[in-house]
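# Remarks on the overall topology
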Amino acid sequence: FSVKDEPQAEKADAIAAELNTKLTQAVGDGYVGYNRFVCKAKWDYKVFYEFSNLDAFGKFLKGEQKGHFDEAVRKFQEVAVDGKVHEQNFVFDKKH
């Protein structure tokens, strides 16, 4: 999604960090962490939450922590320029 400017990106950072804390507490070892990317030329904002394996991700989807994610998406929509946030799941293979 896109944000208007630096202050909006900082609000999105706070939302991302809050969700990270909730997922760390709720999911435990199956949750790895998150990364965020911001293009300051176009104010494009992306955040990725990583799980250690498909089983951990499946538990997340079925558990109460999915509600934490949905709440964060609503908050991200409030800082998004057009109010739209795109969600998508990826398989992640780390290559060196």
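Residue numbers run consecutively from 1 along every chain, following the written order of its sequence. Local features in a predicted model are, by the rule used here, given only for residues with pLDDT of at least 70; side-chain atom pairs are given and counted only at 80 or more, and totals for whole chains, interfaces and linings are based on all residues. With hydrogens and water set aside, each side-chain value is computed from the structure's full complement of heavy atoms.

### Quick notes on the pairing of strand β1 (residues 31-39)
For β1 and strand β2 (residues 44-51), the ladder comprises eight bridges, and the chain directions are antiparallel. Bridging across to β2, C39 finds its partner in D44. Hairpin connection, β1 to β2: the antiparallel pair is bridged by four residues, and W43 has positive phi, about 55 degrees. Should DSSP find at least two bridges between two strands, the strands are taken to pair. Numbering goes from the N terminus for both helices and strands, where a helix is a DSSP run of H or I of at least four residues and a strand is a run of E of at least two.

### Quick word on the packing of helix α2 (residues 54-62) against helix α3 (residues 65-79)
Packing of α2 against α3 leaves a shortest axis separation of 5 Å and a crossing angle of 75 degrees. Accordingly, the angle class assigned to the pair α2 and α3 is roughly perpendicular. Contacts from K59, F60 and L61 of α2 reach α3 at Q65, K66 and F69. Broken down by class, the residue content of the contact of α2 with α3 amounts to three nonpolar, one polar and two charged. To get an axis, a line is fitted to the C-alpha atoms, and for a helix only the part in contact is used. The angle between two axes follows their N-to-C directions and goes from 0 to 180 degrees. Just so you know how the angles are binned, under 35 degrees is roughly parallel, over 145 roughly antiparallel, 65 to 115 roughly perpendicular, and the rest oblique. Contacts were defined at the residue level, with two residues in contact if any of their heavy atoms lie within 4.5 Å. Here the term charged refers only to Asp, Glu, Lys and Arg, the term nonpolar to Ala, Val, Leu, Ile, Met, Phe, Trp, Tyr, Cys and Pro, and the term polar to all other amino acids, Gly among them.

### Things to note about the packing of helix α1 (residues 6-27) against α3
Packing of α1 against α3 brings their axes to within 10 Å, and their N-to-C directions diverge by 180 degrees. Taken together, the axes of α1 and α3 are roughly antiparallel relative to one another. Contact residues: α1 offers Q8, K11, A12, I15, A16, E18, L19, K22, L23, A26 and V27, while α3 offers Q65, H68, F69, E71, A72, K75, F76, E78 and V79. The class makeup of the residues in the contact of α1 with α3 is eleven nonpolar, three polar and six charged.

### Some remarks on the packing of aromatic side chains
Two rings from Phe, Tyr or Trp (for Trp, the six-membered ring) form a pair when their centres sit within 6.5 Å of each other. Planes less than 30 degrees apart are called stacked, planes more than 60 degrees apart edge-to-face, and all others tilted. Using the criterion set out here, one finds ten aromatic pairs in the structure. Geometrically, the ring pair formed by Y34 and Y49 is stacked, given 5.5 Å between the ring centres and 20 degrees between the ring planes. Remark: Y49 occurs in strand β2 and Y34 occurs in strand β1; sequence separation between them is 15 residues. Only protein chains enter the accessibility calculation, which uses a 1.4 Å probe; a residue whose area is less than 20% of its type maximum is buried, one above 50% is exposed, and one in between is partly exposed. Note on Y34: relative accessible area 28%, which makes it partly exposed. Judged by its relative accessible area of 16%, Y49 is buried. On the numbers, 5.5 Å between centres and 80 degrees between planes, the contact of F37 with F48 is edge-to-face. Of this pair, F37 sits in strand β1 while F48 sits in strand β2, placing them eleven residues apart in sequence. The exposure class assigned to F37 is partly exposed, which follows from its relative accessible area of 48%.

### Notes on the nonpolar core
Note that soluble globular proteins tend to have their nonpolar side chains buried in a common cluster. Among buried residues, those of type Ala, Val, Leu, Ile, Met, Phe, Trp, Tyr and Cys that are joined through side-chain atoms within 4.5 Å constitute a nonpolar core. In terms of nonpolar packing, the biggest core is built from 24 residues, with F1, L23, Y45, Y49, F51 and F76 touching the most fellow members. Counting only elements with at least two residues in this core, the list comes to α1, β2, α2 and α3. Take this core: its biggest share by element is seven residues, from α1.

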